[in-house]
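# Structure assessment
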Amino acid sequence: MITDLIDLGPVPDAWKRRHLLGLEDLSAEELTLILDKATIFRKAIDEGHRKIPLLTGKTCVNLFFENSTRTRTSFSLAARRLGADTVDFSAGTSSLSKGETVIDTAKNIEAMGVDLVVVRHRTPGTPHLLSQNLDCSVVNAGDGPHEHPTQGLLDILTIRQRLGRVAGLTVAMVGDIAHSRTARSNIWGLKKLGAHVIVCGPSTLVSPRWQELGVEFSYSLDAILPRVDVLNLLRIQFERQFTRPFPSVREYATLYAMDRQRLAKTKDDILILAPGPINRGVEVTPDVADGAHSAILEQVTNGVAVRMAVLWLLAGRP
Amino acid sequence: MSRILIQNGRVIDPSQQIDRVMNLLIEGDKIAAHGAHSTGQEMVIDAGGKIVSPGLIDMHVHLREPGREEDETIRTGTAAALAGGFTSIACIPNTEPPIDTQAAVEFVRDQANRADNCNVFVIACVSKNREGKELAEIAQLYAAGAVAFTDDGAPVYDAELMRRAFEYCLMFDKPVLNHAEILELTKQGVMHEGLVSLQLGLGGIPAAAEDVMVSRDIALAEATGGRLHIMHVSTAGSVEALRRAKKRNVRVTAEVTPHHLTLTDECLRSFDSNYKMNPPLRSQDHIQACISALADGTLDVIATDHAPHAQEKKMQELDLAPFGIIGLETCLGLVVTKLIEPGHLDWPTALAKMTINPAKILGISKGTLDVGADADVTIIDPDVRWTVDPAKFHSKSTNTPFGGWVLRGQATTVIVGGRVKFTR
């Protein structure tokens, strides 16, 4: 049995959820369960297991209403490694352009015999809307600036692997907090697991009201650098901004780009994450992005492991 | 001549400061006498334990006809009004085409007569085609029976046009009703901008977007001597500006909806589009300010902003779903349950805001039980508990967030022009 081989066991009874819509409503126990299982999958990947057929006969549809290469590929790979069939659906080639509603589209796809729908959409709450109208499992692969739970999980998994723990760490999310689903999922997940979170960026993108949610805020990257354990450098979401929240990219970079000079001010074992795709030279300079403190590519590998864990937990019961 | 004697009810008529148990006699289509006794010749309605009010008036109703009959028609909308206890409604002109011509006003009035449910008063456009560029033919609209003017759905944006509207309406002593919103601040907004929108990542509609426009409108009304009515007030800032303006005797009135008094932005956590309206559901501090303003008279009117949308339109992603909810059939129950029962308003104050106050603002001879007045009467059971079931609504649409709520208070008999039009 492959499950014996990778020491996974059946889907634990403690896992009760049918959907993964966000990290905000997950408990610390649920988060830890996913991370533990993802760790096992990561080990299996590292050991060269390309097929772990736990979802044989299941069908997983990537329902992406917004462009994505990385996340969609990661979900597809995760599903295939588990032996599931995967189908990609993109809004551009669908009947959405014929006026069909998103619920009808999803119901039609479900009616073809689908076990899992992985949905990405520009609008917060659309995965929730689908979960209320579908019988199959729904995984949120990003809903506007709201949540991107598997991204949050893979970031946290990377932190746990590199630094050995999450509780007690100080993690700074830097940049376009206002428009970032990655920031939100990280914030909820990290706080549940006992980390201290700082949101840092220009005052047009970072609200002081985060304090009311137990999150520190800062406008100055330089001020917080000496005391952070992890920096998560968010991409500027040019496509989600209606008015430009800062005067120029150049000015932004002078204040927030993570470069060699700033790196010198950090702790020696600083961990640098970026959810990618990165704007090189804006959020991070190439030398830092490709340097020893960066875990950017490791995040990508962990992404597959986390998604395998999530898909298996949601659809892995016989 | 038909005669109806309403016996033993608690008659509350804020227009005359009446609040006592007495009989009320209707002859033909008029109120004939207070304190009359049965002669055995009339239809008798026993109103023991009930409240007898001037027929309720809702001055903010979207009837959707012409153009969007899939959402509501004048027939279904007026039926919903009766079921909610309203004997008169004023309809908003953002139809397709908009009500900006004499013919359009007459069409609505004709359809209302054919439906023969409640009275329908037509509010017409401020600007031609609701485009906010040139004044509509207000004198002719007035002649056709328009009772007020608004471009609601959108604000009158151009300050010069608003100023001219105030000035021009002076000739007819009619108010301009404005939807107060600074549009640059609300682009892509879906909900109140605050802690909840920060958490959900949903586009915010800041309170300041309303506050700024209310202040502009007050300044223009003050400068021109024109009559301003602010629709669906939702912010503490608006309330404060209105309170100050009223102290200076600016001719300004304002309304608030039941949902802005009972629901907060927390509801959006469900991502249910039945919580999406414009102005948006605000945070608790704004609600408290609105309730206080209702109690102290800063807010004159409770109006529903009844905004029907067919189910397929609301069942969409939150950014695509249209703003608005229906309100005619839940208004009275919400007022009783959430304003009167907790002691925020007493019955006469609450009923004034749904009878004589809107009547005065619109300049219509309604909202009173004075002898000789039109016999529009709503009899209310103040104690009955009922569960909101949208499937039983008379409205063509069911877009309400109040489904399943248990409310207290319901209209049991609705009399329009001396005829019993609704009983339950």
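Residues numbered from 1 in each chain as written. Chains lettered and ligands numbered in written order. Predicted model: local features only at pLDDT ≥ 70, side-chain atom pairs only at ≥ 80, totals over all residues.

### Regarding the overall build of chain A
Formally: Only runs of H or I of at least four residues qualify as helices and only runs of E of at least two qualify as strands under DSSP, and these elements are numbered from the N terminus. For the radius of gyration, the atoms used are the C-alpha atoms, and the globule rule reads 2.2 Å times the number of residues raised to 0.38. As a rule, residues whose C-beta atom has 12 or fewer other C-beta atoms within 10 Å are exposed, those with 20 or more are buried, and those in between are partly exposed; C-beta atoms are placed from the backbone. Two residues form a contact once the distance between their C-beta atoms, set from the backbone, is within 7 Å.
Regarding its fold elements, chain A presents 12 helices and nine strands. Relative to the globule expectation of 20 Å for 318 residues, the C-alpha radius of gyration of chain A, 19 Å, shows essentially globular dimensions. C-alpha atoms of chain A, sized along the principal axes, occupy 55 × 50 × 35 Å. Looking at chain A as a whole, 48% of its 318 residues qualify as buried. At a minimum sequence separation of 6, the contacts of chain A that also span at least 24 residues come to 75%.

### Brief notes about the pairing of strand β1 (residues 59-64) of chain A
Residue and element names in this part refer to chain A. Where we set the bar: Pairing between two strands requires that DSSP report at least two bridges joining them.
With five of six residues buried, β1 is to be regarded as a mostly interior element. Relative to strand β2 (residues 85-90), β1 is paired through six bridges, and the arrangement is parallel. Bridge pairing in β2 places asparagine 62 opposite aspartate 88.

### Description of the interface of chain B and chain A
Where we set the bar: Basically, the charged four are Asp, Glu, Lys and Arg, the nonpolar ten are Ala, Val, Leu, Ile, Met, Phe, Trp, Tyr, Cys and Pro, and anything else, Gly included, counts as polar.
Listed as interface residues are 15 residues of chain B and, on the opposing side, 20 residues of chain A. At four residues, the largest contribution of residues to the side of chain B that touches chain A is made by helix α5 (residues 195-200) of chain B. Of the residues assigned to the side of chain B that touches chain A, the class counts are seven nonpolar, four polar and four charged.

### A closer look at unusual backbone geometry
Residue and element names in this part refer to chain B. Backbone torsion omega between glutamate 65 and proline 66 reads 5°, so that peptide bond is classified as cis. Assignment of secondary structure puts proline 66 in the loop between β6 (56-61) and α1 (74-83). Here the amide bond leading from glutamate 96 into proline 97 is cis, since omega sits at 0°, within 30 degrees of zero. Within the fold, proline 97 resides in the loop between β7 (86-91) and α2 (102-115). Backbone geometry at asparagine 129 places phi at a positive 55°, although glycine is not the residue there. Mapping asparagine 129 onto the fold places it in the loop between β8 (119-124) and α3 (138-143). Unusually for a residue other than glycine, glutamine 188 sits at a positive phi of about 65°. Among the structural elements, glutamine 188 can be located in the loop between β10 (176-178) and β11 (191-192). Take glutamine 188: there are 11 C-beta atoms within 10 Å of it, and that puts it in the exposed class.

### Section: the environment of leucine 297 of chain A
All names here are of chain A. Tracing the backbone through its elements, the reader meets leucine 297 in helix α12 (residues 296-315). A count of 11 C-beta atoms within 10 Å places leucine 297 in the exposed class. When the C-alpha positions of leucine 297 and alanine 274 are compared, they lie 9.3 Å apart, and in sequence the two are 23 residues distant.

### Focus: the packing of helix α6 (residues 149-163) of chain A against helix α7 (residues 181-192) of chain A
Any two packed helices are characterised by how steeply their axes cross, that is the angle between the axes, and by the distance between the axes. All names here are of chain A. Put simply, the rule reads: In this description, a line fitted to the C-alpha atoms serves as the axis of each element, helices being fitted only across the stretch in contact, and the angle between N-to-C directions of two axes falls anywhere from 0 to 180 degrees. Should an angle lie under 35 degrees it is considered roughly parallel, over 145 roughly antiparallel, and from 65 to 115 roughly perpendicular; all remaining angles are considered oblique. For a crossing to be left-handed, the near helix must be turned anticlockwise from the far one by less than a right angle; the clockwise case is right-handed.
Running from N to C, α6 and α7 point in directions that differ by 55°, and their axes come no closer than 8 Å. As far as their axial angle goes, α7 and α6 are oblique. Our pair here, α6 against α7, has a crossing hand that is right-handed. Contacts between α6 and α7 involve Pro149, Gln151, Gly152, Leu153, Asp155 and Ile156 from the former and Thr182, Ser185, Asn186, Gly189 and Leu190 from the latter. Among the residues forming the contact of α6 with α7, the class breakdown is four nonpolar, six polar and one charged.

### Here's the deal with the packing of helix α7 (residues 236-247) of chain B against helix α9 (residues 284-296) of chain B
Residues and elements named next belong to chain B. Running from N to C, α7 and α9 cross one another at 30°; their axes reach a closest spacing of 8 Å. Between α7 and α9, the angle falls in the class roughly parallel. Mapping the contact onto sequence places Ala236, Val239 and Arg243 in α7 and Asp285, His286, Ala289, Cys290 and Ala293 in α9. Among the residues forming the contact of α7 with α9, the class breakdown is five nonpolar, one polar and two charged.

### Here's the deal with the sheet that holds strand β8 (residues 230-233) of chain A
All names here are of chain A. Reading across from one edge, β7-β6-β5-β8-β9 is the order of the five strands in this open sheet, with parallel pairing throughout. If you trace the sheet from one side to the other, it starts and ends with β7 (216-218) and β9 (271-273), each paired once. The sheet shows a mean angle of 20° between the axes of neighbouring strands, direction not considered. Contacts between α6 and the sheet are confined to β8 and β9, with β9 contributing the most and set at about 160° to the helix.

### Looking at the domain arrangement of chain A
Residues and elements named next belong to chain A. Heads up, the rule is: In this entry, domain limits derive from an automatic or database-based domain assignment.
By domain assignment, chain A separates into domain 1 (2-147 + 300-315) and domain 2 (149-299). Its C-alpha centre places domain 1 at a distance of 25 Å from the equivalent point of domain 2. Each partner contributes to the interface: domain 1 provides 26 residues, whereas domain 2 provides 24 residues. Per-element accounting of the side of domain 1 that touches domain 2 gives the leading share, seven residues, to α12. Within the side of domain 1 that touches domain 2, the residues separate by chemical class into 13 nonpolar, eight polar and five charged.

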